[in-house]
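Descriptive analysis of the structure
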Amino acid sequence: QSLAKQLEQEGLFRREAPIPHHLCLKEMASATALLIMQPHSNVRVPAKTYEYIASGRPIILIGDEGAASHLIERHRLGKWCRDSIPAIKNMLLSMLDGTAPIDPPAKEDVQRFDYKVLTGQLAGLFDRIVSENS
């Protein structure tokens with residue numbers, strides 16, 4: 001709470017009241033970046049991560065190294081930093097001074113997660129399994 005208040009006072013963070021899901025998606029699409037805070041979990045990828053990917057906006061993940069950080073880094077979807085005050089401070093300062101800008105992911109990196117693409121990959125896998133067992 002105290003860190004959030006400090007960041008709000010410096011104009012780097014703001015909290016909003018809950019809004020309907022369709023409006024949330026619209027807001028996400030217009031954001032500079034989207035934040036995921038996931039401390040103490042190295043095996044889960046939060047479901048909202050996939051909505052964030054679909055928005056095409058860069059993702060900032062604060063948390064432990066694991067499945068979510070690997071996803072963000074491997075597919076160039078944003079930035080990841082460890083859940084520690086010095087790491088978060090360094091990341092924010094480097095983003096603000098331009099030494100580590102946060103750029104939107106490339107279209108092809110986002111499209112890789114489109115449900116049509118993923119469904120096509122799954123269908124191809126099923127086709128290979130069926131043809132190998134025939």
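Everything here concerns the structure above.
Anyway, here's the lowdown on the structure attached to this text.

Reading guide: rules and limits
Residues numbered from 1 in each chain as written. Predicted model: local features only at pLDDT ≥ 70, side-chain atom pairs only at ≥ 80, totals over all residues. Heavy atoms only, no water. Axes fitted to C-alpha atoms, helices over the stretch in contact; angles between N-to-C directions. Helix = DSSP H or I, 4+ residues; strand = E, 2+ residues; numbered from the N terminus. Parallel < 35°, antiparallel > 145°, perpendicular 65-115°, else oblique. Left-handed = near helix turned anticlockwise from the far one by under 90°. Contact = heavy atoms within 4.5 Å. Nonpolar A, V, L, I, M, F, W, Y, C, P; charged D, E, K, R; others polar. Buried < 20%, exposed > 50% of the residue type's maximum accessible area, 1.4 Å probe, protein only. Pairing = 2+ DSSP bridges. Right-handed = clockwise from strand over helix to strand, strands pointing away. Polar contact = N/O pair within 3.5 Å; in protein donor to acceptor, adjacent residues only side chain to side chain. Salt bridge = Lys/Arg side-chain N within 4 Å of Asp/Glu carboxyl O. Expected span 1.5 Å × (residues − 1).

Quick look at the packing of helix H2 (residues 21-30) against helix H3 (residues 48-55) now. Between H2 and H3, whose axes approach to 9 Å, the crossing angle comes to 55°. Our classification of the angle between H2 and H3 gives oblique. As for the relative orientation of H2 and H3, their crossing is right-handed in sense. Note on element contacts: H3 touches H2 through Glu 51, Tyr 52 and Ser 55, opposite His 21, Leu 25, Met 28 and Ala 29. Its residues assigned to classes, the contact of H2 with H3 comprises 4 nonpolar, 2 polar and 1 charged.

Let's shift gears to the pairing of strand S1 (residues 34-38). Across the two faces of S1 the burial differs, with Leu 34, Ile 36 and Gln 38 buried and Leu 35 and Met 37 not buried at all. Pairing analysis gives 5 bridges linking S1 to strand S2 (residues 59-63), with the strands arranged parallel. Opposite Leu 34, over in S2, you have Ile 59 as the bridge partner. Handedness of the β-α-β unit built from S1, H3 and S2 comes out right-handed.

Here we take up the side chain of His 75. With respect to the element layout, His 75 can be found in the loop between helix H4 (67-74) and strand S3 (78-81). At 3.3 Å, the side chain of His 75 forms a polar contact with the side chain of Arg 74. Sequence-distant contacts of His 75, that is, excluding residues within four places in its chain, are made with Asp 109, Arg 112 and Phe 113.

With that out of the way, let us pick up the side chain of Ser 69. Relative to the elements of secondary structure, Ser 69 occurs in helix H4. What makes Ser 69 buried here is its relative accessible area of 0%. The residues touching Ser 69, leaving out its near neighbours within four places in the chain, are Leu 61, Asp 64 and Trp 80.

Going through the model one piece at a time under the given rule, you end up with 5 salt bridges. The residue Arg 82 makes a salt bridge to Glu 65 at a minimum N-O spacing of 3.3 Å. Of this pair, Arg 82 sits in the loop between S3 and helix H5 (85-96) while Glu 65 sits in the loop between S2 and H4, and the two are 17 residues apart along the sequence. Accessibility expressed as a relative area gives 44% for Arg 82, which makes it partly exposed. The class for Glu 65 is partly exposed, based on a relative accessible area of 40%.

Within an α-helix, residues lying three or four positions from one another point in the same direction, as the helix has 3.6 residues per turn. In a regular helix each residue adds 1.5 Å, so 18 residues correspond to 26 Å; helix H7 (residues 115-132) covers 26 Å between its end C-alpha atoms and thus fits that length. The backbone nitrogen of Lys 116 has a side-chain oxygen 2.8 Å away, supplied by the residue at the start of H7, namely Asp 114.

By themselves, these observations are geometric and do not establish any function.
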